[in-house]
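Understanding the architecture of this molecule
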Amino acid sequence: MQFNFLISKCMSVNENGMTILNGTPQRNPCLDEVITTMGEASAKAQNLKQVITSPSRFYQTDQKLYIKSEGKQCLGILKIGKKNLFHRDLSGLIKEIQPLCVLDFYVHESVQRRGIGKELFEEMLRCENIMPEKIAYDRPSPKLLGFLKKHYHLSNYIPQNNNFVIFSQYFENRQQNGNQKLASQTSYYQNTVTPQKMEQLGSLMQQMTISSTKPKNQSQQQIKSQAPWGTDQKSQSNMYQTTTGLMSAQIQKKI
Ligand code: ACO
């Protein structure tokens with residue numbers, strides 16, 4: 001994506017053409033233009049009705065934006081952020097997790113399939129000190145699924161109604177490593193909800209809100225009767241739409 005200014009004039013770019021922005025950068029019109037233009041192009045490429053990445057949806061959040069550029073060209077963006085998610089496994093066990101998520105990922109059409117996506121992704125993995133299987137992917141496109149399969153051999157996951165993809169290795173590694181810190185961030189509880197009860201509970205969900213700032217023992221009782229859904233970890237606001245019952249809790253993205 002060509003701009004009529006050097007990208008390095010509006011943001012600091014390292015020797016690899018990489019910029020890492022948190023939600024509180026020094027704003028300037030050129031930076032806003034880059035974020036706006038790339039965000040719109042990403043939404044278009046994914047056929048999304050709503051733009052996920054824009055200055056107003058990025059500034060003052062705890063999200064991070066990785067930008068790859070070259071001179072006056074912005075080649076790609078990758079946006080990440082933490083979310084509270086509920087994940088149901090095949091046995092019906094629901095787990096509450098707070099993974100880092102890939103929220104938006106876009107490489108300009110003119111340079112796709114040339115390794116730019118991998119460069120951006122690897123930069124993010126390095127800076128966040130995280131493995132690809134420890135990340136959740138928000139509504140990944142077929143291209144992103146192909147990308148993850150090709151570069152990281154990630155393909156097994158249980159579809160969730162919140163449309164986040166969490167690969168099976170996310171949980172396997174956690175158990176193998178016995179990672180205390182991660183385990184302590186996760187609430188495990190038996191899902192007593194049968195598929196037959198889903199519709200019934202769907203309406204129940206609409207009346208519920210949750211705040212993860214509550215002490216665990218308080219929120220535990222509330223969580224038991226809730227379905228997989230996600231909330232923006234920063235605002236903690238609970239935004240979902242019920243579609244076809246409990247497991248169809250579709251969490252509206254709060255970017
Ligand atoms: N069709 C199928 N697979 C593709 C395509 C495509 N058009 N483009 C990239 N891939 C996958 C393939 O596995 C490809 O390997 P191959 O060429 O050997 O088949 C691999 O990605 C290439 O890797 P990179 O060159 O490093 O990736 P790229 O620079 O193309 O970036 C990305 C990948 C970001 C997915 C890019 O294709 C893109 O922007 N697509 C359009 C927007 C999009 O779908 N973004 C993901 C949205 S979901 C989310 O953000 C959570």
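Criteria and cut-off values
- Residues numbered from 1 in each chain as written.
- Predicted model: local features only at pLDDT ≥ 70, side-chain atom pairs only at ≥ 80, totals over all residues.
- Heavy atoms only, no water.
- UniProt positions renumbered as here; feature names shortened; annotations may be inferred.
- Near = heavy atom within 4 Å.
- Polar contact = N/O pair within 3.5 Å; in protein donor to acceptor, adjacent residues only side chain to side chain.
- Areas by Shrake-Rupley, 256 points an atom, 1.4 Å probe, with all protein chains shown as cover.
- 1 Å grid on protein atoms, 1.4 Å probe; cavity = no way out; pocket = protein on both sides within 12 Å on 5 of 7 lines; lining within 4 Å.
- Sits in = over half its atoms within 2 Å of the grid points.
- Helix = DSSP H or I, 4+ residues; strand = E, 2+ residues; numbered from the N terminus.
- Nonpolar A, V, L, I, M, F, W, Y, C, P; charged D, E, K, R; others polar.
- Phe/Tyr/Trp six-rings, centres within 6.5 Å; stacked < 30°, edge-to-face > 60°.
- Buried < 20%, exposed > 50% of the residue type's maximum accessible area, 1.4 Å probe, protein only.
- Pairing = 2+ DSSP bridges.

As named in an unreviewed UniProt entry, the protein chain is Alpha-tubulin N-acetyltransferase, taken from Paramecium tetraurelia. Looking at the Sequence similarities (unreviewed entry) heading of the UniProt record, one finds this comment for the protein chain: "Belongs to the acetyltransferase ATAT1 family."

Surveying the vicinity of the ligand reveals 24 residues, the closest of which are F105, R113, G115, S141 and K150. Take R114: an N or O atom from its main chain is 3.1 Å from an oxygen atom of the ligand. Burial of the ligand by the surrounding chains reaches 85%, relative to a free accessible area of 960 Å². At a threshold of 2 Å from the grid points, most atoms of the ligand map onto the largest pocket. Those elements that provide at least two residues to the shell around the ligand are β5 (100–107), α3 (116–128) and α4 (142–152). Across the shell around the ligand, the residue classes break down as 9 nonpolar, 7 polar and 8 charged.

Bringing the packing of aromatic side chains into the picture now. Evaluated as defined, the whole model comprises 11 aromatic pairs. For the pair F121 and F147, a centre-to-centre distance of 5.6 Å together with 75 degrees between the ring planes defines the contact as edge-to-face. Within this pair, whereas F121 is found in helix α3, its partner F147 is found in helix α4, the two being separated by 26 residues in sequence. Owing to a relative accessible area of 15%, F147 belongs among the buried residues under this scheme. Note on Y137 and F167: the rings are 5.7 Å apart at their centroids and 65 degrees apart in plane angle, and the pair reads as edge-to-face. Of this pair, Y137 sits in strand β6 (residues 135–138) while F167 is found in the loop between β7 (164–165) and α5 (169–177), placing the two residues 30 residues apart along the sequence. For F167, a relative accessible area of 1% gives the class buried.

A word on the pairing of β5. In terms of burial, β5 is a largely internal element, 8 of the 8 residues being buried. Note that strand β3 (residues 73–88) and β5 share 7 bridges and pair antiparallel. Looking at β5, one finds that I80 is bridged to V102. Note that β5 and β6 share 3 bridges and pair parallel. Pairing of C101 across the sheet is with A136, part of β6.

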